[in-house]
Amino acid sequence: MHILFAASECLPFIKTGGLADVIGSLPREIARHGHQVTVYVPFYRQVQSHFPEKKIVIPSITIPFEYYNRFAAVIDGGKRDGVQFYFIDCPELFDREGVYGTPSGEYPDNWERFGLFCRAVIEASKLLGVPDIFHVHDWQTSVLSVYLRTVYYFDPVLRKTGTVLTIHNAGYQGWFPPATTARLLFPWDIFTMDRVEQYDTFNFLKGGIVYSDALTTVSHKYAEEIQTPEFGGGLEGTLRKRAADLHGILNGVDYAKWNPETDGRIAAHYSIKDLSGKAECKRDLLHAFGASHVKEDTAVLGIVSRLATQKGFDLTAQIIERLAFENIFLIVLGTGEPYYENLFRSLHERFPEKISVRITYDETLAHKVEAGSDIYLMPSRYEPCGLNQIYSLKYGAVPVVRATGGLDDTIEEWDPETRTGTGFKFQGYYADDYLKAVQRALSVFHDKDAWQTLMRNGMARDYSWTKPGEAYLKLYEEVAQRRN
Ligand code: ADP
Ligand code: GLC
């Protein structure tokens, strides 16, 4: 089979969140099974430095809009680990400071940027290789499925190509004005509530849900949750209609990058057999966060995150005053919404002896936080999968999580009787329940023997891509067969 991934982020080229980790690793796993795999990503400004030579394979594809044409080139990114990379170049749309926007807001022409990207990918594939499956991700590439089944309906070379949409986050849907329909040259008859319309907006994600052959999301629990009003963001009805084609496939992680036995970014290596290096990682982390005064027996709590409402920081802010009485030190690495950046800055000012904050995006620091923390906090409002709690397991940073989405699927509550489990969970979105979960963690932390068992339980878990890779392959095959 030939699987073509179209996505708005991909490591090592461009990343704002976990989507980049997934697109940087799942295609490789599919290729490992002997399939042909191609990945298309926009040629953002941030990607340019990876390709100073800019090897152009298609100089100009015409992408028509309502009153004008735009022109996209295709850049050959070469083959890595069996995966072929192509980039869609359209400087007026992608050579910009931000990926989706700037601190002052989203780019208002994102409909055009990602509409062009999707159409350019379809056109490029006709010259460079039509796949058996287009695997699209989140709202940004959802309209590829819409194009394929409307504007490209009569194209004989695309007839047998199937589409799989993975929803990494139903909270971001790509809402645009109704006129987007005409601007992207879609027929007006798709602008109805059972197709792409959602309360008088053109909803990219909804289009993908309606028009893709199969749908996946990134954990079993989230697949159930998004069919309810609390998590579906208004698309729960549309998702329920497609329940038979909606599959929860938990993300894997890349243990070649995230493994304390081999990680080149941390101060010392350690393993399930020999945990001793972790103490040095803790000292190194505290030093990097200007907190060398923190004592060895203090529990270091870590956070690495996009600073967004989704991640539950208001709960952390609510418990911090009471947590400050405990023997803890909180380390926060993140960037995002100015409201939360300021919240953490002010918490640091109020509790300088208890919190250190770095408002920046820094991959090396992210690895140091995993390796140096004793406890990892992830009290998300919702979490489709979540990768950091999975990395934390591997690094023996015991997760305290809210039991939602992938957090619930990946973390098992510690049972002091049987000494099984990998972390601590709470159910409702309540500060008191969160605080109790952290306190449960702290009480075990002071029992060194139990704590090491708990760490080792987590470190022994395997969330590699092997199983999810097989699940995707099975789905690709089913979809390809249906199309034939
Ligand atoms: P989401 O995709 O919702 O942001 P995930 O847990 O799936 O959440 O993935 C987040 C990814 O982004 C992880 O790889 C995490 O290490 C990384 N990350 C988030 N914030 C930062 C930061 N400030 N510096 C470095 N890496 C970060
Ligand atoms: C999204 C989700 C996150 C998930 C990631 C990768 O950004 O918020 O939970 O892990 O996508 O699928």
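In every chain, residue numbers begin from 1 and rise along the written sequence. Each chain is given a letter, starting from A, and each ligand a number, starting from 1, according to the order in which they appear as written. Side-chain atom pairs in this predicted model are given and counted only at pLDDT of 80 or more, local residue features only at pLDDT of at least 70, and totals for whole chains, interfaces and linings cover all residues. The basis for every side-chain value is the complete set of heavy atoms in the structure, and neither hydrogens nor water enter the calculation.

Trainee: Please clarify how the site of ligand 2 should be interpreted in this entry.
Mentor: Definition of nearness: a residue and a molecule or strand are near each other if at least one heavy atom of the residue lies within 4 Å of the molecule or strand. In the neighbourhood of ligand 2, 14 residues make up the surrounding shell, with H168, N251, E383, C385 and G386 lying closest. Distance and chemistry together define a polar contact, namely a pair of N or O atoms within 3.5 Å, with one atom able to donate a hydrogen and the other to accept it when in protein, and with adjacent residues in sequence counting only for side-chain atoms on both sides. In the environment of ligand 2, an oxygen atom lies 3.3 Å from a nitrogen or oxygen atom belonging to the side chain of N169. Here an oxygen atom of ligand 2 sits 2.5 Å away from a polar atom, N or O, in the side chain of E383. We count a stretch as a helix when DSSP gives it H or I for four or more residues in a row; a strand needs E for two or more, and each element gets its number in order from the N terminus. Take the shell around ligand 2: its biggest share by element is three residues, from helix α1 (residues 18–23). Three categories are distinguished: nonpolar for Ala, Val, Leu, Ile, Met, Phe, Trp, Tyr, Cys and Pro, charged for Asp, Glu, Lys and Arg, and polar for the others, with Gly belonging to the last. Here the shell around ligand 2 is built from residues that sort into six nonpolar, six polar and two charged.

Trainee: Just to check I follow, could you spell out the site of ligand 1 for this structure?
Mentor: Close contacts around ligand 1 come from 21 residues, with K15, G18, R306, K311 and L387 the closest. Here an oxygen atom of ligand 1 sits 2.8 Å away from a polar atom, N or O, in the side chain of K15. Interatomic distance of 2.8 Å between a backbone N/O atom of L387 and an oxygen atom of ligand 1. Across the complex, the protein chains shield 93% of the 560 Å² of accessible surface that ligand 1 would expose by itself. At the level of elements, α1, β15 (299–307), β16 (328–336) and α16 (388–394) are the ones that each hand at least two residues to the shell around ligand 1. The element contributing the most residues to the shell around ligand 1 is β15, with three residues. Residue composition of the shell around ligand 1, grouped by class: seven nonpolar, eight polar and six charged. When residues are assigned to domains, the shell around ligand 1 turns out to be shared by domain 1 (2–252 + 465–483) and domain 2 (277–459), each giving three or more. Throughout, the Shrake-Rupley method with a 1.4 Å probe supplies accessible areas, and for residues the shown protein chains are the sole cover considered. All domain edges in this entry derive from an automatic or database-based domain assignment.

Trainee: Help me out: how do you make sense of the domain arrangement of the protein chain in this one?
Mentor: You'll often see interface size given as the accessible area lost when the parts meet. Once the domains are mapped, the protein chain shows domain 1 (2–252 + 465–483) and domain 2 (277–459). Its C-alpha centre places domain 1 at a distance of 33 Å from the equivalent point of domain 2. Contacts are assigned to residue pairs with any non-hydrogen atoms lying within 4.5 Å of each other. In this assembly, 20 residues from domain 1 lie in contact with 20 residues from domain 2. Buried area is understood as the total, over both parts, of accessible area removed when two parts are fitted together, assessed with a 1.4 Å probe. Considering only the side of domain 1, the residues that lose the most area to domain 2 are Y172, K221 and L250, jointly responsible for 27% of the buried surface there. Every case where a carboxyl oxygen of Asp or Glu lies within 4 Å of a side-chain nitrogen of Lys or Arg is listed as a salt bridge. Where domain 1 meets domain 2, there are one salt bridge. Here D408 makes a salt bridge to K221, at a shortest N to O gap of 2.7 Å. Where domain 1 meets domain 2, there are 12 residue pairs in polar contact (both at pLDDT 80 or more). Secondary-structure elements contributing two or more residues to the side of domain 1 that touches domain 2 are α1, α9 (220–225) and α10 (229–232).

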